[in-house]
Amino acid sequence: MVSIRPDEISAILKQQIADYDKSVSVSNVGSVLQVGDGIARVYGLEQVMAGELIQFEDGTEGIALNLEDDNVGAVLMGEGLGIQEGSTVKATGKIAAVPVGDAMLGRVVNSLGQPIDGKGPIATTETRLIESMAPGIIQRKSVHEPMQTGITAIDAMIPIGRGQRELIIGDRQTGKTAIAIDTILNQKGEDVVCVYVAIGQKSASVANVVEVLRERGALDYTVVVAASASEAAAMQYLAPYTGAAIAESFMYKGKATLVVYDDLTKQAQAYRQMSLLLRRPPGREAYPGDVFYCHSRLLERAAKLSDAMGKGSMTALPIIETQAGDVSAYIPTNVISITDGQVFLSSDLFNSGLRPAINVGISVSRVGGAAQTKAIKKIAGTLKLELAQFDELAAFSQFASDLDAATQAQLGRGKRLRELLKQSQFSPLNLAEQVAVVYAGVKGLIDDIPVDQVTQFARELRDYLKTNKPDFITKVMTEKQLGDEAEATLKEAISEVKASILAAA
């Protein structure tokens, strides 16, 4: 017979009571009412927050966007093929965040910061919320440092400063992405972190851009965020905010950053698709009423931080695609009103052989000379005016049979200036080269060179300065201004190159 020992039983019970874990987990769970077209309607998530990540039974993630009386409207961040009516949904209690830090450099990631370049996981523990507050007025400083693009036409006439938001706008196939990529290439050795956000593009196009950056050694300081055309609308909508969050993490560490959003037209279209499927009321051109806020809260995050905040900066180059040059459409006008200027690319100029096809009349920088070095400011002051006058005269001269000598001289000068500003893709110029080329044109030193030989002259002048007058390049690059000595050296170089070209002709 087994004897029962009360003291032993009470000791076991006491031990179990002591070991009892009192933690109670309350999970916010709902069920799917309806799913389709990348949208799910969920019942039962009473505690969910707007913008919170939710997880479906098959592992797909979504974002709760519409909080209605009887259901929650969520967008799916993936195919969601395993989601069925009645399947459970769990609120995660987290707002979307992405990994950030130095480990991101040289990587290609999706809108959630997950690597898609086949190089394995990203070794970083830092994260940052995709949506963050823009810095306030006290935390900012006015834009005063140049962000050199390496494109003479932009640096001389439409200068961009660190912390500025400069819109690149134009029809399809006018070289918008080329300008942005050239700007990234030109940051080599400048200690600038670049983020290129590709929204709604073909995967092949994104792969080409990554390959160009890799070949030219620019991928080492660049992060590529890609949400291709085949991905869900939610991923295309989130991509720019992810890019901004990655750049912001470097900005708040005191670094200069450059973000390219290529392009925000596709993001607006993805947001329109999501909003219409969520039954949000449509407004102008069927876009939802808050599409302006969608872009303004993104672009306001670009800033030049004050000394107290670490002097970091985030320069934004949003790209917008127009239809038949219509800048008065809804999305173009919205983004023009948010940004600090625009570079307008014209398909007529592009087709006529002027590349980059920048329309000087409509393009503007609202920061202007504050973002220019003294060297280029000194000589480029009259360049924009002369080109604008040339455009006007060229249109007028088509109707005039015989023109006086002064008008003919002005037309000749304008044609030569246009030729000087032509620049092939992926060949950004440094400050000294730009100064030399613009100086030769503005001072009228090449008025006697035939128009068809101006491009050759510009090329030979740059080569001559690099090989025979390297002191000029070093002096201008270090002092950032064109002193009397450097100017004399430049005049001498121009006359020598000009003499050789005219002799050959």
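Refer to the structure presented above.
Here, residues in each chain are numbered from 1, in the same order as that chain's written sequence. Residues qualify for local features only when their pLDDT is at least 70, as the model is predicted, and side-chain atom pairs are given and counted only at 80 or more; totals for whole chains, interfaces and linings, by contrast, use all residues. To obtain the side-chain values, all non-hydrogen atoms of the structure were included, while hydrogens and water were left out.

**Some points on the packing of aromatic side chains**
Centre-to-centre distance and the angle between the planes together describe a pair of aromatic rings. Pairing of aromatic rings covers Phe, Tyr and the six-membered ring of Trp, with a centre-to-centre limit of 6.5 Å; geometry is then stacked below 30 degrees between planes, edge-to-face above 60, and tilted otherwise. Counted by the stated rule, this structure contains three aromatic pairs. On the basis of an interplanar angle of 65° and a centroid distance of 5.6 Å, the ring pair of Y237 and Y241 is categorised as edge-to-face. Residue Y237 and its partner Y241 are both found in helix α5 (residues 233-251); the two are separated by four residues, about one turn of the helix. A single burial state applies to Y237 and to Y241, both of which are buried. A ring pair is formed by Y237 and Y271, whose centres lie 4.9 Å apart and whose planes are at 15°; its orientation type is stacked. Remark: Y271 occurs in helix α6 (residues 264-277) and Y237 occurs in helix α5; sequence separation between them is 34 residues. Accessibility expressed as a relative area gives 8% for Y237, which makes it buried. Clustering of aromatic rings is evident, with ring pairs tying together Y237, Y241 and Y271. We note K253 situated over the ring of F250; from NZ or CZ to the ring centre the distance is 5.8 Å. When the ring centre of F350 is taken as origin, the NZ or CZ atom of R355, which lies over that ring, is 4.0 Å away. Here a strand is any run of E in DSSP of at least two residues, a helix any run of H or I of at least four, and the numbering for each starts at the N terminus. Each residue gets one of three labels from its accessible area relative to the maximum for its type: buried under 20%, exposed over 50%, partly exposed in between, using a 1.4 Å probe on protein chains only. As a reminder, the over-ring test applies to NZ of lysine and CZ of arginine, requiring each to be within 6 Å of the ring centre and within 35 degrees of the ring normal.

**Topic: the pairing of strand β14 (residues 313-321)**
Counting buried positions along β14 yields eight of nine residues, so the element is predominantly enclosed. Across six bridges, the pairing between strand β13 (residues 256-262) and β14 is parallel. The residue bridging V260 from the neighbouring strand is L317, located in β14. Two strands qualify as a pair provided DSSP detects at least 2 bridges between them.

**A few points about helix α8 (residues 330-338)**
Within α8, seven of the nine residues are buried, leaving the element largely enclosed by the surrounding structure. Here α8 has its buried residues at Y330, I331, P332, N334, V335, I336 and I338.

**Details of the sheet that holds β13**
Strands sit in the order β8-β12-β11-β13-β14-β10-β15-β16 across an open sheet of eight strands; the sheet is mixed. This sheet does not close on itself; its edge strands, each paired only once, are β8 (108-109) and β16 (364-365). Bridge count between strand β11 (residues 192-199) and β13: seven bridges; the pairing is parallel. The residue of β13 that forms the bridge with V193 is T257. Here, two residues are considered to be in contact whenever any of their heavy atoms come within 4.5 Å of each other. All axes are obtained by fitting lines to C-alpha atoms, using only the stretch in contact for helices, and the reported angles, taken between N-to-C directions, cover 0 to 180 degrees. Here α8 sits on the sheet and contacts β10 (167-170), β14 and β15 (341-345); the angle it forms with β10, its principal contact strand, is near 155°.

**Observations regarding the environment of V108**
Here V108 shows up in strand β8. Remark: the alpha-carbon pair of V108 and V206, spanning 98 residues in sequence, is separated by 9.7 Å.

**Structural notes on the nonpolar core**
Nine residue types can take part in a nonpolar core, namely buried Ala, Val, Leu, Ile, Met, Phe, Trp, Tyr and Cys, and a core is a set of them joined through side-chain atoms within 4.5 Å. Counting 74 residues, the largest nonpolar core has M157, I184, L213, L383, F457 and F472 as the members making the most contacts within it. Looking at this core element by element, the count peaks at nine residues for helix α13 (residues 431-442). Apart from residues no more than four positions distant in its own chain, L383 is found in contact with A156, M157, L417, L421, V438 and V442. Counting 59 residues, the second-largest nonpolar core is a separate cluster that includes L53, Y287, C294 and L305.

**A short note on helix α16 (residues 484-504)**
In this model α16 runs 31 Å from its N-terminal to its C-terminal C-alpha over 21 residues, within 8% of the 30 Å that 1.5 Å per residue would give. Within the sequence span of α16, burial applies to A486, E487, L490, A493, I494, V497, K498 and I501. End-on, the buried residues of α16 take up no more than an arc of 130°, which puts them together on one face. For α16, exposure combined with an orientation more than 90 degrees from the buried face picks out D484, E485 and A503. Against the buried residues of α16 lie α10 (374-380), α13, α14 (454-468) and α15 (470-479). A helix is expected to reach a length of 1.5 Å times the quantity of its residues less one. Here the arc refers to the directions that run from the helix axis out to each C-beta atom.

**Quick notes on unusual backbone geometry**
Cis geometry marks the peptide bond from D262 to D263; its omega dihedral reads -5°. Structurally, the position occupied by D263 is in the loop between β13 and α6. Omega for the bond connecting R355 with P356 falls within 30 degrees of zero, at 0°, which places this linkage in the cis form. Turning to its location among the elements, P356 is positioned in the loop between α9 (347-351) and β16.

**Overview of the packing of α5 against α6**
Interaxial distance between α5 and α6 falls to 8 Å at its minimum, and their mutual angle equals 135°. Looking at the two axes, α5 sits oblique to α6. Between α5 and α6 lies a crossing of left-handed hand. Listed contacts from α6 to A233, A234, Q236, Y237, P240 and Y241 of α5 are L264, K266, Q267, A270, Y271, Q273 and M274. Relative orientations are named as follows: roughly parallel for angles under 35 degrees, roughly antiparallel for angles over 145 degrees, roughly perpendicular for angles from 65 to 115 degrees, and oblique for any other angle. The sense of a crossing depends on the near helix, which, turned anticlockwise from the far helix by less than a right angle, makes the crossing left-handed and, turned clockwise, makes it right-handed.

**Here's the deal with the sheet that holds strand β3 (residues 52-56)**
What the six strands build is a closed barrel, ordered β1-β2-β5-β4-β3-β6; its pairing is antiparallel. Neighbour to neighbour, the strand axes of the sheet diverge by 45° on average, direction disregarded. Both strand β2 (residues 39-43) and strand β5 (residues 72-76) contribute to a ladder of four bridges, which runs antiparallel. Paired with A40 across the two strands is A74, which belongs to β5.

**Some details on the environment of L33**
With respect to the helices and strands, L33 occurs in strand β1 (residues 29-36). Note: C-alpha distance between L33 and G483 (450 residues apart in sequence) is 73 Å. Residues within four places of L33 in sequence aside, it is in contact with R41, V42, Y43, N71 and E85.

**Looking at the side chain of D340**
Checked against the element boundaries, D340 lands in the loop between α8 and β15. The residues touching D340, leaving out its near neighbours within four places in the chain, are Q164, R165, E166, S365, R366 and V367.

**Examining the packing of α13 against α15**
Interhelical geometry of α13 versus α15 gives an angle of 105° and a closest axis separation of 8 Å. The pairing of α13 with α15 is recorded here as roughly perpendicular in orientation. Of α15, the residues touching α13 (which contributes L431, A432, V435 and A436) are F472, I473, V476 and M477.

**So, a nonpolar patch on the surface**
A grouping of I4, I9, L13 and I17 is seen on the molecular surface, where their side chains present a nonpolar patch of about 430 Å² in accessible area. Checked against the element boundaries, I4 lands in the segment before α1 (6-19). Grouping into patches uses exposed residues only, defined as over 30% relative accessible area, and leaves out salt-bridged ones; the cut-off is 9 Å for like charges and 5 Å for nonpolar side chains (Val, Leu, Ile, Met, Phe, Trp, Tyr). Accessible areas in this description were obtained via Shrake-Rupley with a 1.4 Å probe; residue shielding takes into account the shown protein chains only. Any Lys or Arg side-chain nitrogen found within 4 Å of a carboxyl oxygen on Asp or Glu counts as a salt bridge.

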